[in-house]
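# Structural characterization, general
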Amino acid sequence: MDSVISILTIAFSAFLIQNIVLTQFLGLCSFFGVGNKEDSALGMGLAVTFVITLSAVATYALYIFVLVPFKLEFLSTISFILVISGLVQFVEMVIKKYSPGLYQSLGVYLPLITTNCAVLGVALLNIDKSNSELSLGMNFLIMIVFSFFTSSGYAFVIYVFALIREQIAKAPIHAGLKGVPIALITAFVMAMAFNGFVGMF
Amino acid sequence: MNKLAADMYRGIIKDNPTFVLFLGLCPTLALTNNLTNAVGMGLSVVVVLAITNALISMVRKIVPADIRIPVYITIIASVVTVMGMLMEAYMPALFESMGIYFPLIVVNCIILGRAESFAAENGVVDSFFDGVSSGLGFLLGLSVLGFSRELIGTGAVDMLKFRILDANHAPTIFVESSGAFLMFGLIAWMMNTIKLNKEKKEKEIATAAKAAAKAAAEAKKAEEEKLSIASAQPESTQPEGDLRG
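Residues numbered from 1 in each chain as written. Chains lettered and ligands numbered in written order. Predicted model: local features only at pLDDT ≥ 70, side-chain atom pairs only at ≥ 80, totals over all residues.

### Quick look at the overall build of chain A
Helix and strand counts for chain A come out as nine helices and zero strands. Taken from the N to the C terminus, the helices and strands of chain A come in the order α-α-α-α-α-α-α-α-α. For chain A, whose C-alpha radius of gyration is 18 Å, the value lies close to the compact-globule estimate of 17 Å for 201 residues. Dimensions of chain A, computed from C-alpha atoms along their principal axes, come out at roughly 60 × 45 × 30 Å. Across the 201 residues in chain A, those meeting the buried criterion constitute 41%. Restricting to contacts in chain A with at least 6 residues of sequence separation, those with at least 24 account for 77%. (Helix = DSSP H or I, 4+ residues; strand = E, 2+ residues; numbered from the N terminus. Rg over C-alpha atoms; globule rule 2.2 N^0.38 Å. Buried ≥ 20, exposed ≤ 12 C-beta atoms within 10 Å, placed from the backbone. Contact = placed C-beta atoms within 7 Å.)

### Looking at the domain arrangement of chain B
Residue and element names in this part refer to chain B. Per the domain assignment, the segments making up chain B are domain 1 (2–175) and domain 2 (180–233). Here the element with the most residues in the side of domain 1 that touches domain 2 is helix α7 (residues 124–154); it accounts for four residues. Of the residues belonging to the side of domain 1 that touches domain 2, the class tally is five nonpolar, three polar and one charged. (Domains from an automatic or database assignment. Nonpolar A, V, L, I, M, F, W, Y, C, P; charged D, E, K, R; others polar.)

### Here's the deal with the nonpolar core
Here is a general trend for soluble globular proteins: nonpolar side chains tend to be buried in one another's company. Core analysis: the biggest nonpolar cluster contains 114 residues, and L120 of chain A together with C26 and I76 of chain B have the highest contact counts within it. Counting only domains with at least three residues in this core, you end up with domain 1 (2–175) and domain 2 (180–233) of chain B. (Core = buried A, V, L, I, M, F, W, Y, C linked by C-beta atoms within 7 Å.)

### Things to note about the packing of helix α3 (residues 38–67) of chain A against helix α4 (residues 76–98) of chain A
Residues and elements named next belong to chain A. Running from N to C, α3 and α4 cross one another at 140 degrees; their axes reach a closest spacing of 10 Å. When the axes of α3 and α4 are compared, the pair comes out oblique. Relative to α4, α3 is oriented so that their crossing is right-handed. Contacts from V51, L54, S55, A58, T59, L62, Y63 and L67 of α3 reach α4 at S76, S79, F80, V83, I84, L87, V88 and V91. Classifying every residue of the contact of α3 with α4 by side-chain character gives twelve nonpolar, four polar and no charged. (Axes fitted to C-alpha atoms, helices over the stretch in contact; angles between N-to-C directions. Parallel < 35°, antiparallel > 145°, perpendicular 65-115°, else oblique. Left-handed = near helix turned anticlockwise from the far one by under 90°.)

### Some points on α7 of chain B
End to end, α7 of chain B covers 43 Å across 31 residues, agreeing with the expected 45 Å (1.5 Å per residue, within 8%). Phi for G155 of chain B, located one or two positions after α7 of chain B, is positive at around 85 degrees. (Expected span 1.5 Å × (residues − 1).)

### Examining the confidence of the model for chain B
Residues at a pLDDT of 70 or more form 93% of chain B, whose mean pLDDT is 87. This complex was scored by the predictor with a pTM of 0.85 and an ipTM of 0.88. (pLDDT = per-residue confidence, 0-100.)

### Some thoughts on unusual backbone geometry
Its identity as a non-glycine residue notwithstanding, F25 of chain A has a phi of 55 degrees, on the positive side. Looking at the element boundaries, F25 of chain A is found in the loop between α1 (2–17) and α2 (28–34). Even without being a glycine, K161 of chain B presents a positive backbone phi close to 55 degrees. Its place among the elements puts K161 of chain B in the loop between β1 (156–157) and β2 (162–163). Exposure remark for K161 of chain B: the 7 C-beta atoms within 10 Å place this residue in the exposed category.

### Comments concerning the interface of chain A and chain B
Chain A puts 30 residues into the contact, and the matching count from chain B is 31 residues. Elements represented by at least two residues in the side of chain A that touches chain B include exactly α2, α4, α7 (117–129) and α9 (180–195) of chain A. Ranked by residue count, the leading element in the side of chain A that touches chain B is α9 of chain A, at nine residues. Here the residues of the side of chain A that touches chain B are counted per class, giving 23 nonpolar, seven polar and no charged.

Here is the structure:
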């Protein structure tokens, strides 16, 4: 029962309290670059969720089963980025072959994801979070839950952000505020709102 | 020398990575809660960017175009790893405070962007200085943000050892995570307005110059017409004179 509650806490905190975009500042380039249209924000959000969850499993397995036994932890950054870019390429090819419809909607975002700092960031955070007191299976479960909910938090925030920005685009604002400045101020208001979740647990 | 100065101006002011191109936003917002972190991050990026640009420029002719991005990423990740080990050994406190944002320099858009758009097509020395100038632009952006956030949010700047406000009265929102967006938004708004005003002024000067040129041309035309009228005068007055006569 305790472990169920702790998993739920991790999920909730990854999704809302420690939101990857608004409090950890990861994935901001794509957040401001793509988050101005509802459709593209949704596509990017789903693609990122998929890639982060998949690459988290791959990099964590690589770390536990290869890097740690051979004492190569210092190679984690370089090996993770290679695994991620290879994985993104692979996912792109698979989707292109088996699901052309999905490729049409997600394909353009996939190459951009390699350099999305959220993907490498979550891979590195997973290493920091891994707790040697827990069993390997439990660590693995926590890692998957954390990665999935962190990336869902990204998808959720970028989608809401895109909805707000579509409305702001119609508003009469000062010429100097148009574009990135108003997007930053919008993100500020959203970050303040998300701060409200702090202390719920 | 003049070319170098022009390159420096372009990298630091005209194409400033932070305020003009909005690249590398993650560390820009995450590590500017105080000036020390901001300068540490900015200097690391200057060094990494100069080295990776030079290295990528060295290998640009032997790397096949199809696999250039993985090769660039590998080079960048190696340089960042080596830098990280050096920092951990000699500046452990700063390295600790940068946390996961130090390894994330690998995926900083500025580094891959400069590699792809400059180092892949230019010589080693030029690429090195391009890296230095873009890095300095990034350092400037981070320092401005770090300085203003720390000054307003805590009332003092630790690194420069001065205080303008008692810490209890400072609006701490600026050093919290949400304040990063606010401060950056306000500075970007200011920069944008200055840019727009400059463009408007230039446009006004241009239209004024155009109007002046038009007026001058019209005056000249009128003068010529006058002259031609004047020269035509005798002929046209002739018949009148004749009539009168």
